[in-house]
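# Chain and residue survey
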Amino acid sequence: MAKKYTPTADDKRFMREAIKLASDSVVNGGGPFGAVIVKDGQIIAGASNSVTIDNDPTAHAEVNAIRKACKQLGTFNLDGCIIYTSCEPCPMCLGAIYWAGIDRIFYGNNRKDAADINFADDFIYEELDRDMENRTVPITPLLRDEALHSFRLWSEKEDKTEY
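Everything in this summary refers to the structure shown in the same document. (Residues numbered from 1 in each chain as written. Predicted model: local features only at pLDDT ≥ 70, side-chain atom pairs only at ≥ 80, totals over all residues. Heavy atoms only, no water.)

### Examining the packing of aromatic side chains
Geometrically, a pair of aromatic rings is defined through the distance of the ring centres and the angle of the planes. Defined as follows: Two aromatic rings, drawn from Phe, Tyr or Trp (for Trp, its six-membered ring), form a pair once their centres lie within 6.5 Å of each other, and the interplanar angle then sorts them: stacked below 30 degrees, edge-to-face above 60, tilted otherwise. Our definition puts a charge over a ring when NZ of Lys or CZ of Arg is within 6 Å of the ring centre and also within 35 degrees of the ring normal.
In total, this model carries six aromatic pairs according to the counting rule given. The rings of Tyr5, Phe14, Tyr84 and Phe106 are connected pair by pair, giving a single aromatic cluster. Over the aromatic face of tyrosine 125 sits the side chain of arginine 111, whose NZ or CZ is 4.0 Å from the ring centroid.

Structural data, given as structure tokens:
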């Protein structure tokens, strides 16, 4: 369980940057979401939602910011970083934040606030709780024996970069 933390003046300043990115995004044709990633007290990346601008359903503010931060730092691991996002991360973004190794998440609006303006993620949380055979989108295993070949190659590879 995470320890209780009292946000600082800097935390509020960084969150206001994320909120500004969200508002600017709306004005410029994007979705109402913004995020900044901070390391050692400095913003290293900021981004907004560009799903409709880029025709990319994964172009959420958090994912866009993670991509920029990784490029900026030259790494896929963002440990030591904090993300400030204008809204509670959706399941995809939360997964990306965890995969990136970000240390802490601050968010502004919550899931209910997002649902109130027709950005509802609850259906994804519900899907994840269902057995595979009961999911809305059919999901079927196929050619596992053949697919295991790449896993065996990975297991045997001596010069791999673990992540």
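More follows now that the structure is in view.
### Notes on the pairing of strand β1 (residues 34–39)
On a regular strand, one side chain projects to one face of the sheet and the next to the other, so that they alternate. Using the following cut-off: Type-normalised accessible area, obtained with a 1.4 Å probe on protein chains alone, sets the label of each residue: buried when under 20%, exposed when over 50%, and partly exposed for intermediate values. Numbering of helices and strands starts at the N terminus; helices are DSSP runs of H or I of at least 4 residues and strands are runs of E of at least 2. Paired strands are those between which DSSP finds at least two bridges.
The element β1 is largely enclosed, with a buried count of five among its six residues. Judged from the six bridges that link them, β1 and strand β2 (residues 42–48) form a sheet pairing that is antiparallel. Paired with valine 36 across the strands is glycine 46, a residue of β2. If you look at the hairpin formed by β1 and β2, you'll find two residues sitting between the two strands, and aspartate 40 has a positive phi there, around 50 degrees. Inspection of the sheet shows β1 paired to strand β3 (residues 81–87) by five bridges, in the antiparallel sense. Among the inter-strand pairings, isoleucine 37 is bridged to a residue of β3, identified as isoleucine 83.

### Observations regarding the pattern of salt bridges
To keep it simple, the criterion reads: For salt bridges, the criterion is a side-chain nitrogen of Lys or Arg within 4 Å of an Asp or Glu carboxyl oxygen.
The tally for this structure, following the rule as stated, stands at seven salt bridges. A salt bridge links aspartate 56 to arginine 67; the nearest nitrogen and oxygen atoms lie 4.0 Å apart. Of the two residues, aspartate 56 sits in the loop between α2 (51–54) and α3 (61–73) while arginine 67 sits in helix α3, which places them 11 residues apart along the sequence. What makes aspartate 56 partly exposed here is its relative accessible area of 24%. For aspartate 116, the salt bridge identified is with lysine 112, shortest N-O distance 3.2 Å. Here the residue aspartate 116 and the residue lysine 112 both occupy positions in helix α5 (residues 111–116), the gap between them amounting to four residues, near one helical turn. With a relative accessible area of 53%, aspartate 116 lands in the exposed category.

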